[in-house]
Amino acid sequence: MRYHERPEFPEENEAMAAKLGFIGLGIMGRPMALNLRKAGHALWVHGRRPVTMEVLAEAGATACTSAEDVAANADVVFIMVSDTPDVEQVILGEKGVIRRARPGSVVVDMSTISPAATREMAAALGAKGADMLDAPVSGGEVGAINATLSIMVGGKRETFERVKPYFDVLGKNIVHVGDNGAGQVAKACNQIVVAVTIQAVSEALLFARKNGVDPAKVREALMGGFAGSKILEVHGKRMLDNDFKPGFKVKLHQKDLRIVIEDAHKMGLALPGAALVAQHLNALMGTGDAEIDSAAVIKVLERMSGMER
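Note that the structure is predicted; figures quoted are calculated from it, not measured.

Some words on the nonpolar core
Part 1 of the reasoning: In terms of nonpolar packing, the biggest core is built from 35 residues, with Phe22, Phe78, Val108, Met110, Ile151 and Phe167 touching the most fellow members.
Part 2 of the reasoning: Elements represented by at least two residues in this core include exactly β1 (19-23), α1 (29-38), β2 (42-46), α2 (54-58), β4 (76-79), β5 (106-109), β8 (149-154) and α7 (157-170).
Part 3 of the reasoning: Per-element accounting of this core gives the leading share, five residues, to α7.
Part 4 of the reasoning: Setting aside residues no more than four positions away along its own chain, Phe167 makes contact with Phe78, Val108, Met110, Leu133, Ala135, Ile151, Val153, Phe160 and Ile174.

Following this line, the structure appears as structure tokens:
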């Protein structure tokens, strides 16, 4: 079911329905918030653009004018926005969550941002008596709609256990990785593996084409062996079809790898594969391809090899 379809929502049961908040109602946040509402929880929501709140309001959620207003009503506030500065604005800004966060409340950031910034915001919320979990996700829009996301969580174990029933509404593979920031580190690792595997699949399919061998048949052969992967299955098909309708946009993957490379630079850590793909994503940004799927890395290699379609 897609998020713009109107599902049936149960009547709220005051005895069991938690008071939840959700801030950030984009391609990922909106279906996630709808799944929480479908589970019967009272929900206060805020989106930067008022239109994004309409489908939630139709589902029985309360639309709020600011992140501060969400925090004033909710015991657990979920955040799903694009980048570190966005999360900092939502939590620490003039009308941010921290202004009305109550002692004992929990802020759950499901965005993909800097681990260091996450730790700083957790400390700021802790000074107000509120807990924070960083819980970035993998699975894209389809995973958000179908509630099959992988969720990587950092923060106190007892806070994780408290929020776990709500995570169960949103995803399937839910792992408490460690303290604050650990969830963001795990997501960075995910993005490294995805990026470098996209690069590898791109190179393999181009190698097949240059040799006059059907890359679709090569992909089929590889899927049954040790080289088989979700990237080869899904993104390999995108590459073969030259169809880069976004599941995960270039601009978002570029942002994620920027965080990886910045942290690696601070630690003196060599990540040459991730750095290479980061440059290819930069090239896609430069050619106006920010909004297409990051599997389009193959387009950069095609241009470099004189094999553009």
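A short note on the pairing of strand β6 (residues 131-134)
For a regular strand, side chains alternate in direction, first toward one face of the sheet and then toward the other.
Part 1 of the reasoning: Bridge count between β5 and β6: four bridges; the pairing is parallel. Residue pairing for β6: Val107 is matched across the bridge by Met132.
Part 2 of the reasoning: One crossover worth recording links β5 to the parallel β6 by way of helix α5 (residues 115-127), and it is right-handed.

A look at the packing of aromatic side chains
Part 1 of the reasoning: For the structure shown, the criterion picks out three aromatic pairs.
Part 2 of the reasoning: With centroids separated by 6.0 Å and ring planes inclined at 15 degrees, the aromatic side chains of Phe22 and Phe78 adopt a geometry described as stacked. Here Phe78 lies in strand β4 and Phe22 lies in strand β1, a separation of 56 residues in the sequence. An identical accessibility class is assigned to Phe22 and Phe78; each is buried.

Here we look at the confidence of the model for the protein chain
Part 1 of the reasoning: Averaged over every residue, the pLDDT of the protein chain is 93; residues scoring 70 or more account for 94%.
Part 2 of the reasoning: This stretch, residues 1-16, has a pLDDT under 50; its non-local contacts, to residues over four places away or in other chains, come to 30 contacts.

So, the environment of Leu257
Part 1 of the reasoning: Counting through the fold element by element, Leu257 comes out in helix α11 (residues 250-267).
Part 2 of the reasoning: By relative accessible area, Leu257 is classed as buried at 0%.
Part 3 of the reasoning: When the C-alpha positions of Leu257 and Ala274 are compared, they lie 7.1 Å apart, and in sequence the two are 17 residues distant.
Part 4 of the reasoning: If sequence neighbours within four positions are ignored, Leu257 has contacts with Gln191, Ala195, Ala274, Val277, Ala278 and Leu281.

What about the side chain of Thr112?
Part 1 of the reasoning: Structurally, the position occupied by Thr112 is in the loop between β5 and α5.
Part 2 of the reasoning: In contact with Thr112, not counting residues within four places along its chain, are Ser82, Pro136, Gln184, Lys187, Lys255, Asp256 and Ile259.

Section: the packing of α11 against helix α12 (residues 272-286)
Part 1 of the reasoning: Following both chains from N to C, one finds α11 and α12 inclined at 145 degrees, their axes separated by 9 Å at the closest point. Considering only the axes of α11 and α12, their crossing is left-handed. Residues Val250, Lys251, His253, Gln254, Leu257 and Ile261 of α11 lie in contact with α12, whose contacting residues are Ala274, Ala275, Val277, Ala278, Leu281, Asn282, Leu284 and Met285.
Part 2 of the reasoning: Tallied by class, residues from the contact of α11 with α12 come to 10 nonpolar, three polar and one charged.

Quick look at unusual backbone geometry
Comment: phi is negative for the bulk of residues other than glycine, and the bulk of peptide bonds are trans.
Part 1 of the reasoning: Phi is positive for Ala147, which is not a glycine, with a value near 60 degrees.
Part 2 of the reasoning: Among the residues examined, Ala147 registers a relative accessible area of 13% and is labelled buried.
Part 3 of the reasoning: Residues other than glycine seldom take positive phi values, yet Asn242 does so here, at roughly 55 degrees.
Part 4 of the reasoning: The topology assignment puts Asn242 in the loop between α10 (230-241) and α11.

Structural notes on the pairing of β4
Part 1 of the reasoning: Here β4 shows two buried faces, one formed by Val76 and Phe78 and the other by Val77 and Ile79.
Part 2 of the reasoning: Bridge count between β1 and β4: four bridges; the pairing is parallel. Bridge pairing in β4 places Ile23 opposite Ile79.
Part 3 of the reasoning: Remark: the β4/helix α4 (residues 84-92)/β5 crossover connection has right-handed handedness.

Conventions and cut-offs
- Positions within a chain are numbered from 1, following the residues in the order the chain's sequence is written.
- The predicted nature of this model means local features are confined to residues of pLDDT at least 70 and side-chain atom pairs, given and counted, to a pLDDT of 80 or more, with totals for whole chains, interfaces and linings taken over all residues.
- Side-chain measures here rest on the full set of heavy atoms in the structure, leaving out hydrogens and waters.
- By convention a nonpolar core is built from buried Ala, Val, Leu, Ile, Met, Phe, Trp, Tyr and Cys residues, the set being connected through side-chain atoms within 4.5 Å.
- Summary of the burial criterion: residues with accessible area below 20% of their type's maximum are buried, those above 50% are exposed, and those between are partly exposed, where the area comes from a 1.4 Å probe applied to protein chains only.
- Starting at the N terminus, helices and strands are each numbered in turn, a helix being any DSSP run of H or I of at least four residues and a strand any DSSP run of E of at least two.
- Throughout, a residue-residue contact means that at least one pair of heavy atoms, one from each residue, lies within 4.5 Å.
- Any two strands between which DSSP finds at least two bridges are classified as paired.
- Throughout, right-handed denotes a crossover for which the path from the first strand over the helix to the second runs clockwise when the strands point away from the viewer.
- Pairing of aromatic side chains here covers Phe, Tyr and the six-membered ring of Trp, requires ring centres within 6.5 Å, and sorts the geometry by plane angle: under 30 degrees stacked, over 60 edge-to-face, intermediate tilted.
- Per-residue confidence from the predictor is reported as pLDDT, which spans 0 to 100.
- Between the N-to-C directions of two axes lies an angle of 0 to 180 degrees, each axis being a line fitted to C-alpha atoms and, for a helix, fitted only over the stretch in contact.
- Take the far helix as your reference; a near helix turned counterclockwise from it by less than a right angle gives a left-handed crossing, and one turned clockwise gives a right-handed crossing.
- Amino acid classes used here: Ala, Val, Leu, Ile, Met, Phe, Trp, Tyr, Cys and Pro are nonpolar; Asp, Glu, Lys and Arg are charged; the rest, including Gly, are polar.

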